[in-house]
Amino acid sequence: MEFIPADIDQYCVDHTTPEDDLLSKLNRETHAKVLQSRMLSGHIQGRFLSMLSHMIQPKLILEIGTYTGYSALCLAEGLAENGKIITIDVNEELEDFVRDFFKQSPLNDKIDFRIGNALQIIPVIADAFDIVFIDADKMNYKNYYDLVIDKVRTGGYIIADNVLWSGKVSNPAAKDKDTLNIREFNKMIQDDARVENILLPIRDGLMVVRKK
Ligand SMILES: C[S@@+](CC[C@H](N)C(=O)[O-])C[C@H]1O[C@@H](n2cnc3c(N)ncnc32)[C@H](O)[C@@H]1O
């Protein structure tokens, strides 16, 4: 679902810094070779994640849901010197594809790509995160949030993707499991006194949360 008219969307694209060659190739190859290519963040959201990362200059980013690595590469662009991004995905079938793209990036040394279930990997990470990007299975968004909130430094950020779920969140007739999960997640954030938050209608909706 498009939230803004196609001509305005195109105008935004035309007035946004283009993807670099590697991201453009990754975008193309994901669409040509990988199932469910809609999951890739894409140009505008990728530039937004990169911009946020440059503003925050994080030392440590956690990404939950690598897919083909597009958003990991965008987030890595703003890392502080000696900064690192840990990105986790459960899908081992994509591992070679993703590692091949990471190796072509000058940021490869800053990317710690882990294959496995994020629910099991996050509890054994001891460091404090400056940014967490939640972009995996929707039924576990609340669990991911609970797992990371104490590991985010004060003043750090959690960003969650797809929180508008193609607009279904505001349609009372939509009662499928993922919609209910995302709705509950959004309410949980809205009611959490430990954070302040803004829901931005970028692509499928980004919830940006700052830990007080
Ligand atoms: C929406 S895609 C991520 C897109 C990517 N962040 C981007 O913007 O290009 C969601 C990914 O989450 C992964 N995933 C689902 N459940 C997971 C889990 N329990 N642990 C780790 N990754 C998981 C899927 O394999 C899939 O690749």
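What counts, and at which threshold
Residues numbered from 1 in each chain as written. Predicted model: local features only at pLDDT ≥ 70, side-chain atom pairs only at ≥ 80, totals over all residues. Helix = DSSP H or I, 4+ residues; strand = E, 2+ residues; numbered from the N terminus. Rg over C-alpha atoms; globule rule 2.2 N^0.38 Å. Buried ≥ 20, exposed ≤ 12 C-beta atoms within 10 Å, placed from the backbone. Contact = placed C-beta atoms within 7 Å. Near = placed C-beta within 6 Å. Nonpolar A, V, L, I, M, F, W, Y, C, P; charged D, E, K, R; others polar. Pairing = 2+ DSSP bridges. Axes fitted to C-alpha atoms, helices over the stretch in contact; angles between N-to-C directions. Arc of directions from axis to C-beta. Right-handed = clockwise from strand over helix to strand, strands pointing away. Expected span 1.5 Å × (residues − 1). Core = buried A, V, L, I, M, F, W, Y, C linked by C-beta atoms within 7 Å. pLDDT = per-residue confidence, 0-100.

## Digging into the overall build of the chain
The secondary structure content of the chain amounts to eight helices and seven strands. Here the C-alpha radius of gyration of the chain, 16 Å, is about what a compact globule of 212 residues would show, namely 17 Å. By residue count, 37% of the 212 residues in the chain fall in the buried class. A fraction of 66% describes how many contacts in the chain between residues 6 or more apart in sequence connect residues 24 or more apart.

## Remarks on the site of the ligand
Surveying the vicinity of the ligand reveals 17 residues, the closest of which are S41, G65, Y67, S71 and A118. At the level of elements, α4 (70–76), β2 (84–89) and α6 (118–121) are the ones that each hand at least two residues to the shell around the ligand. Of the residues assigned to the shell around the ligand, the class counts are nine nonpolar, five polar and three charged.

## Some remarks on the sheet that holds strand β5 (residues 152–161)
Where strands meet in a sheet, backbone hydrogen bonds hold them as pairs that are either parallel or antiparallel. Across the sheet, seven strands lie side by side as β3-β2-β1-β4-β5-β7-β6; this open sheet has mixed pairing. Two strands bound the open sheet, and with one partner strand each, they are β3 (111–115) and β6 (195–200). Direction aside, the axes of adjacent strands within the sheet are offset by 15° on average. The strands touched by helix α8 (residues 177–190) within the sheet are β5, β6 and β7 (206–211), with β6 carrying the most contacts at an inclination of about 135°.

## Side note on the packing of helix α7 (residues 141–148) against α8
For any two helices packed against each other, one specifies the crossing angle of their axes together with the interaxial distance. In the contact formed by α7 and α8, the axes pass within 9 Å of each other and the chain directions differ by 30°. Contacts from Y141, K142 and Y145 in α7 reach N181, I182, E184, F185 and M188 in α8. Of the residues assigned to the contact of α7 with α8, the class counts are five nonpolar, one polar and two charged.

## Observations concerning helix α5 (residues 95–103)
Of the residues making up α5, those classed as buried are V98, F101 and F102. The buried residues of α5 occupy one face: seen down the axis, they fall within an arc of 100°. Exposed side chains of α5 directed beyond 90 degrees from the buried face belong to D96, D100 and K103. Tucked into the core, α5 has its buried residues touching α2 (21–33) and β3.

## Quick word on the pairing of strand β1 (residues 60–64)
Of all the five residues making up β1, five are buried; the element is thus mostly covered by neighbouring parts of the structure. Burial of the side chains of β1 extends over both faces: L60, L62 and I64 are buried on one face and I61 and E63 on the other. Strand direction decides the pairing type here: β1 and β2, joined by five bridges, are parallel. Pairing of L60 across the sheet is with K84, part of β2. Read as a crossover between parallel neighbours, the route from β1 over α4 to β2 is right-handed.

## Remarks on α8
One turn of the α-helix equals 3.6 residues, which is why residues spaced by three or four share an orientation. In this model, α8 (14 residues) spans 20 Å end to end at C-alpha, consistent with the 20 Å of a helix rising 1.5 Å per residue. Residues of α8 that are buried include every one of I182, F185, N186 and I189, and no others. Down the axis of α8, the buried side of the element spans an arc of 95°, and every buried residue falls inside it. Every exposed residue of α8 that faces more than 90 degrees away from the buried side is listed here: K177, E184 and K187. Against the buried residues of α8 lie α7, β5, β6 and β7.

## Things to note about the nonpolar core
I61, L75, V132, I134, Y144, V148 and I158 are the most contacted members of the largest nonpolar core, which has 50 residues in total. Counting residues per element, this core draws most heavily on α4, which supplies six residues. What V148 contacts, discounting residues up to four positions off in sequence, is L62, I122, F129, V132 and I158.

## Observations concerning the pairing of β2
Of all six residues in β2, five are buried; the element is thus mostly enclosed. Note that the unit made of β2, α5 and β3 has a crossover that is right-handed.

## Concerning the confidence of the model for the chain
Scored by pLDDT, the chain has a mean of 97; 99% of the residues are at 70 or more. For this predicted complex, the interface confidence comes out at an ipTM of 0.99, alongside a pTM of 0.98.

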